[in-house]
Amino acid sequence: MSLHRLNYMEQLEAESIHIFREVAGQFERPALLFSGGKDSITLVHLALKAFAPGKFPFPLVHIDTGHNFPEALAFRDKLVEEIGAELIVRKVEDTIKQRRLTEPKGKFPSRNWLQTYTLLDTIEEFEFDACIGGGRRDEEKARAKERIFSVRDEFGQWNPKLQRPELWNIYNGRIHKGENVRVFPISNWTELDIWNYIRSERIPLPSIYFAHKREVIEHEGQLIATSEFVRPSEGDIIALKSVRYRTVGDMTCTAAVESYASTLDEVVNEIIATRISERGETRIDDKVTEAAMEDRKKDGYF
C-alpha cells in the first residue's frame, strides 16, 4: 500500500493544526484574537479541525475600535453562534474614557494604535497566557521577524532581539508569571495560500472581500470608504466604484482596491497578478513611518 504524501497546502494545514495542539498542551488560558477578517476566520476553521469533534477550545477575543465595517461585525456574530464559541469583546472607546486617552483627530481618525492599551488590559483581566493571532510573514517587515511562539514581557512588550529558536517544529512556551506568548499558527502562509485554502475548504467570508459598489474617497492613490468616522476635506473626490477589500481593519485606515472580482476564482487570479502586499496597498496607518508596525508591536500590539 502506497503512503499518501502531503501536498503543499496539506503541509501548511498540518503544521498549523500541530501548533494549535501545542498551544492547548502548553498553556492554561489561551485565547484567539478575532477581527472578522479572512486570516482570523481561517484560524477558527483550523482550530475546529484540530480539535474535532470536541468543542471549540478557546474564547474569541475581539478588540473593538468602534470603527468596524458592519459586514465584519455581522459575520463575527453569526460565526460565534454557529460554532458555539465564547466571544469576549472589549472596546477601545471604554479604554479612552478610563485612561483619559486622546481621541485621534484628522480626516482619518484611526484608533488603531490605541488598541494596544485595550488588548493589554484584556490580557490582564482574563489572565491569558497565550494569544493566538493571524499574523503572516509576507504581510509586513516587522511580522517577518516574529517566531511562531513570540514571548511578550510582563509589560506586554516585544523585543525582536530576544527571539527563541524554533528548530524541528519544537516550540518553547515556558514563561514567567506576568509574561504571555503571541502565537502565529499561519506564520508560514502567504496571502495567496490563505485564499487557496479558503477556496478549497469553502470557508465563508464577509461580503466585503468580494466586489461590490461603494462610495469612496480618492486619497493619495487609495480608496477610503465614506462613513460616519471619516471626515472628508473640501475638494476631496468622492466616487461610486466597484471595490473589494484585501484585509479588514478600521474603516478609517483600511483602503479598498478597485475590483470586479466577485468569486473566489476571480479573487485568486487578482492576487496572483498583484505585485503589492495587502498591507502595502490598503493600510494607511502602516505608512506613518517605515517602522510603524514594528514600533506598535514593541509596545504590545498584535
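Look a little higher up for the structure.
Draft legend 1. Representation of the pairing of strand β2 (residues 60-64) within the structure. Of all five residues in β2, five are buried; the element is thus mostly enclosed. On β2, burial covers both faces: Leu 60, His 62 and Asp 64 on one face and Val 61 and Ile 63 on the other are all buried. With two bridges connecting them, strand β1 (residues 30-33) and β2 associate as parallel partners. Following the sheet pairing, Leu 33 is matched in β2 by Val 61. Handedness of the crossover joining β1 and β2 through helix α2 (residues 38-51): right-handed. Sheet topology note: the β2/strand β3 (residues 87-91) ladder contains five bridges and is parallel. Bridging across to β3, Leu 60 finds its partner in Leu 87. The parallel pair β2 and β3 is bridged by helix α3 (residues 70-83), and the resulting crossover is right-handed.

Draft legend 2. Expanded view of the pairing of strand β10 (residues 255-258). In this structure, strand β8 (residues 222-225) lies alongside β10, joined through two bridges in antiparallel fashion. Across the sheet, residue Ile 224 finds its bridge partner in β10, namely Ala 255. Of the strand pairs in this sheet, strand β9 (residues 237-244) and β10 are connected by two bridges, and their pairing is antiparallel. Bridging from a neighbouring strand, Arg 244 pairs with Val 257 of β10.

Draft legend 3. Molecular detail of helix α7 (residues 264-273). For α7, the set of buried residues is Val 267, Val 268 and Ile 271. Relative to the axis of α7, the buried residues are bounded by an arc of 100° and lie together on one face. Elements in contact with the buried residues of α7: α6 (191-201) and β9.

Draft legend 4. Geometry of helix α5 (residues 115-126). Under the 1.5 Å per step criterion, the end-to-end length of α5 is 17 Å for twelve residues, consistent within 8% with the ideal 16 Å. Here α5 has its buried residues at Gln 115, Thr 116, Thr 118, Leu 119, Thr 122, Ile 123 and Phe 126. Within α5, the buried residues cover an arc of 165° as seen down the axis, which keeps them to one side. Once α5 finishes, Glu 127 follows within two positions and takes phi at roughly 55°, a positive value.

The rules behind each value
- Just so you know, the residues in each chain are numbered from 1, in the order the chain's sequence is written.
- In keeping with the predicted nature of the model, local features appear solely for residues at pLDDT of at least 70, side-chain atom pairs appear and are counted solely at 80 or more, and the whole-chain, interface and lining totals rest on all residues.
- With hydrogens and water stripped out, all remaining heavy atoms of the structure feed into the side-chain values.
- The cut-offs for exposure are 20% and 50% of the maximum accessible area for each residue type, with area from a 1.4 Å probe on protein chains only; residues under the lower value are buried, those over the upper are exposed, and the others partly exposed.
- Secondary structure elements are defined from DSSP: runs of H or I of at least 4 residues count as helices, runs of E of at least 2 residues count as strands, and each element is numbered from the N terminus.
- At least two DSSP bridges between two strands are needed for those strands to be called paired.
- Every crossover in which the path from the first strand over the helix to the second runs clockwise, viewed with the strands pointing away from the viewer, is termed right-handed.
- The reported arc concerns the directions from the helix axis to the C-beta atoms and nothing else.
- Residue contacts are defined here by distance: any two heavy atoms, one from each residue, within 4.5 Å place the two residues in contact.
- A helix's residues, less one, multiplied by 1.5 Å, set its expected span.

Any functional reading would require information that these geometric values do not contain.
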